[in-house]
Amino acid sequence: MTAPLRLGTRRSALALAQSQMVADAVAAASGREVELVPIVSEGDVNRASLSQLGGRGVFANGLREALAAGRCDFLVHSLKDLPTAQPEGLVIAATPPREDARDVVVTRDGTPLHALEAGARVGTGSPRRIAQALRHNPRLDIHDIRGNVDSRLARVRDGELDAVILAAAGISRLGGELGGLRAEALGLAEWPTAPGQGSLAVETRADIGADTLAALAALDDEATRAAITAERTVLSVLDAGCHAPVGTHASIADGDLRLRAVVYALDGAHRIGIDRTVRAEPVRAEPVRADPGYARETGSGNGADAADDGGLIARAARIGREAARRLLERGAADLVPRESTT
């Protein structure tokens, strides 16, 4: 009897929910049972703020150690939490179709962020969201918070906070229930989110069996992979951590790959932004069937060393590099804390 495939995941309700979604898809593609293997990450036990933890992969390192040690066969990450540097021996085998990449502001009565009164208590642990919130409404009283989605929503419901800022994708993957609270979706043009937000990354060992690799690669969505390649290349070239005050969003529309990238001062007082567009070839309707070479090409973490033949992923990497260089020319290095361990 064939042994089940083992999917390593964090223990939070959100991580388990999105891992189960991927497990079901891999089981359907491979014909093998997939079991979840809960793993504790540093970010689950270290209660320091995200600004203090920086871009050191605190939500990924423990899982990757388990994968490299053979305690599981593949992982599912929230891509926005992954450092841009890919560890040796591991590859990103697939990026499934992206969910809603927007942030949402959740309040008791639906008051928009810009209309919240002076001193309104808004909870978020993200330096980017803090900068964006203060830029939209400098009268806010920002509270640096951690915790799962339910605990953050409870702090609004109980009156401890007036609002929290969360990822729309996380709420959706947990069923979308807000328990009577109201959500305001924030447009990506004025509020670009973290590189890779709304996307998942399916990671495995470079030496995993070909059948397993093919089953994982069947989940890959090329349009998503192109978008996150452009976004994460910006972050990589800026040499910024995955929790830096940098917002990026890329998408394919009308045959073009469009990228917006903005770097914020931590207090929201200043920002430097850029928009870039490159022509995109039609995206293949059929999923890419990977062999080990494909996984190595697209499993670079930021996509920058993906196929250099002028294809969509290569153009996405180029537009990301160009955007980051223009941002640096305009002074972005003075705003972004530099990270040597992205």
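Reading the values: the criteria
Residues numbered from 1 in each chain as written. Predicted model: local features only at pLDDT ≥ 70, side-chain atom pairs only at ≥ 80, totals over all residues. Heavy atoms only, no water. Helix = DSSP H or I, 4+ residues; strand = E, 2+ residues; numbered from the N terminus. Expected span 1.5 Å × (residues − 1). Buried < 20%, exposed > 50% of the residue type's maximum accessible area, 1.4 Å probe, protein only. Arc of directions from axis to C-beta. Contact = heavy atoms within 4.5 Å. 1 Å grid on protein atoms, 1.4 Å probe; cavity = no way out; pocket = protein on both sides within 12 Å on 5 of 7 lines; lining within 4 Å. Points joined across faces, edges and corners; volume = space filled by probe spheres on them. Nonpolar A, V, L, I, M, F, W, Y, C, P; charged D, E, K, R; others polar. pLDDT = per-residue confidence, 0-100.

## Quick notes on helix H1 (residues 13-30)
Part 1 of the reasoning: An ideal rise of 1.5 Å per residue puts 26 Å on 18 residues; H1 measures up with 25 Å between its terminal C-alpha atoms.
Part 2 of the reasoning: Residues Ala15, Gln18, Ser19, Val22, Ala23 and Val26 constitute the buried set of H1. The buried side chains of H1 occupy one side of the element, clustering within an arc of 150° when seen end-on.
Part 3 of the reasoning: Elements in contact with the buried residues of H1: strand E1 (5-9), strand E2 (34-38), strand E3 (74-78), helix H7 (168-173), strand E10 (200-205) and helix H8 (210-217).

## Overview of helix H6 (residues 149-157)
Part 1 of the reasoning: Within H6, the full set of buried residues consists of Val149, Arg152, Leu153 and Val156. Here the buried residues of H6 occupy an arc of 95° about the axis, which is enough to place them on one side.
Part 2 of the reasoning: Along its buried surface, H6 packs onto strand E5 (103-107), strand E8 (163-167) and H7.
Part 3 of the reasoning: Downstream of H6 by one or two residues, glycine 159 has phi in the positive range, about 90°.

## With respect to the layout of surface pockets
Part 1 of the reasoning: In this structure, the largest pocket spans a volume of roughly 920 Å³.
Part 2 of the reasoning: Every element with two or more residues in the lining of the largest pocket is listed here: H1, helix H2 (42-45), E3, helix H5 (127-136), H6, E8 and H7.
Part 3 of the reasoning: Broken down by class, the residue content of the lining of the largest pocket amounts to 22 nonpolar, 17 polar and 11 charged.

## So, the confidence of the model for the protein
The predicted coordinates ought not to be read in detail in places where the model reports low pLDDT.
Part 1 of the reasoning: On average, residues of the protein score 87 in pLDDT, and 83% of them are at 70 or above.
Part 2 of the reasoning: Contacts of residues 285-309 to residues separated by more than four positions or lying in other chains number 49 contacts, the stretch itself having pLDDT below 50.

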